[in-house]
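What follows is the residue order along each chain.
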Amino acid sequence: MSLRIKSRSTLFSLIFGTVAIALASGALAYQANLIPASRLINPDDLVQILQSAKSEKPLMIQVGSHVLYSQAHIPGSEYIGPASSESGLQSLRKRVESLPRNKFIVLYCGCCPWSHCPNIKPADNALKAMGFTNLKVLYISNNFGADWVEKGYPVAKGD
Amino acid sequence: MKKGFLRGLILFAVVAGLCFMTRHRGGPSDARGTSIGEQSLAPDFSLPDLAGQKLDLSSYRGKVVLLDFWATWCDPCREEIPHFVNLQNKYGDRGLQIIGVSMDDGPEPVREFYQRFKMNYPVVMGNAKTGELFGGVLGLPIAFLIGPDGRVSAKHIGATNISVFEKEIVNLLPSKAGLSRPCS
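Since this is a predicted model, take the numbers as computed values, not measurements.

It is worth spelling out the overall build of chain B at this point. Looking only at helices and strands, chain B has five helices and seven strands in total. The 184 residues of chain B split such that 32% are buried. Relative to all contacts within chain B whose residues are 6 or more apart in sequence, the contacts with residues 24 or more apart total 71%.

This paragraph deals with the interface of chain A and chain B. The interface of chain A with chain B comprises 26 residues on the first partner and 22 residues on the second. Where the side of chain A that touches chain B is concerned, the elements lending two or more residues are α3 (66–71) and α6 (144–149) of chain A. In terms of residue count, the dominant contributor to the side of chain A that touches chain B is α3 of chain A (five residues). A per-class count over the side of chain A that touches chain B returns 15 nonpolar, ten polar and one charged.

Our next topic: helix α3 (residues 108–116) of chain B. Residues and elements named next belong to chain B. Listed as buried for α3 are Val110, Phe113 and Tyr114. Projected down its long axis, α3 shows its buried positions confined to an angular sector of 105°, all on one face. Turned more than 90 degrees from where α3 packs its buried face, Glu108, Glu112, Gln115 and Arg116 sit exposed. After α3 finishes, the residue Lys118 shows a positive phi value of roughly 50°.

To summarise the sheet geometry, strands pair through backbone hydrogen bonds and adopt either a parallel or an antiparallel arrangement. Residue and element names in this part refer to chain A. If you walk across this open sheet you meet the five strands as β1-β5-β4-β2-β3, and the pairing is parallel. Strands at the two margins of the open sheet, each flanked by one partner only, are β1 (40–41) and β3 (78–79). Of the strand pairs in this sheet, strand β2 (residues 59–62) and strand β4 (residues 105–108) are connected by four bridges, and their pairing is parallel. Bridge pairing in β4 links Gln62 to Tyr108.

Rules behind the numbers
- Residues numbered from 1 in each chain as written.
- Chains lettered and ligands numbered in written order.
- Predicted model: local features only at pLDDT ≥ 70, side-chain atom pairs only at ≥ 80, totals over all residues.
- Helix = DSSP H or I, 4+ residues; strand = E, 2+ residues; numbered from the N terminus.
- Buried ≥ 20, exposed ≤ 12 C-beta atoms within 10 Å, placed from the backbone.
- Contact = placed C-beta atoms within 7 Å.
- Nonpolar A, V, L, I, M, F, W, Y, C, P; charged D, E, K, R; others polar.
- Arc of directions from axis to C-beta.
- Pairing = 2+ DSSP bridges.

The structure is reproduced here in C-alpha cells:
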C-alpha cells in the first residue's frame, strides 16, 4: 500500500513538474525581454543606417499586424504575417530560406509594449534556428506609433 | 521703372506663395494622419459587427461611449476586457456604451474570443482606414472616451488602470437622479 502511494505521489510530482515547465516554456517563448541586448537595434541607429549612403541596408520584415503595417511602416520593409501564428512563421521561413545566412536582417513589430509582444521572439527564434548570424531586432519600447512615427522617422503606408 | 518694380514685386509674391504652399505639402508624413485630440468631434464610421450588421458610431450620440481599439493577440487588451465587461454591466443603464474595434485580420478569432470572454458590448471589425480616421492606431490598446456631445473627452494609449476609466465615465454620465451634472 505505502509503495503504491509513494509511486502515485512521485508520478503526480513528475506530471505536475512537466506541465509547469511546459507552461513556463510556453510563456517564455514570446518574451521579447529574453532577446539579448547585443542583438537589439534602436530606432535611432536603424534610421542612421537607412539614411547612410555607405551602410549595408538590411532586409526589414514586420512580423506583427497587417492592419498596423498598412497604416504605417518603415519604408522598404516587408510584411510577412504575424509571427505569433504558425502560418506567419512559415511565411517568414519561406521568405528567407534562400538567403545567405550572413544576410543583414532586421525584424520588427511594434504592436504593443515590448514585454507583451507576441510576435517578435517567435520570429527571432525561427531565424536563429535557421542559422542567420547577422540578425537584429528593432527595439520598440511602447509601440510603433510612439517610438517611430511620433519621433519623425521615415514612414510609408499601404501594402 | 515703376512698372518693372511692380512686376518684380508681383513675381516675388507669387514665387514666395508657391514656396510656402509646397513646404507644407504632404509626403511620407501623411502616414501620420490627423491628430484626434480632446474636444475634437469623434470621426464617424460605419463598420460591420460580428454578425455582419453595420454599426454607425454616430447612432450612439447622446451616450457616453468608450471606444476600445484592441486585438485578440494583444495581451494588455485581453487584460482590460473583463474590466470593460464589468463597467458595461455597472453603467450601461445610465448611458454608457462600450464599443470594441477589433484590429484583428479577420473575425473568426474575434468571435471565439467574444464568446469565451462573455463580452457584453458590440465589437466591430476595424481596418487601416478606421485607424487613420482616429489619427493612427499604431499600437494597442488605444481607447477613446466620447461624451454625449460626440466629442472626444479622453484618449488612452496603452493599458490603463480601470479606475481611471471609471472616474472619467462617471464624470460624463448624468447623475443617478437623472439631472445633468452641474458645470464645474
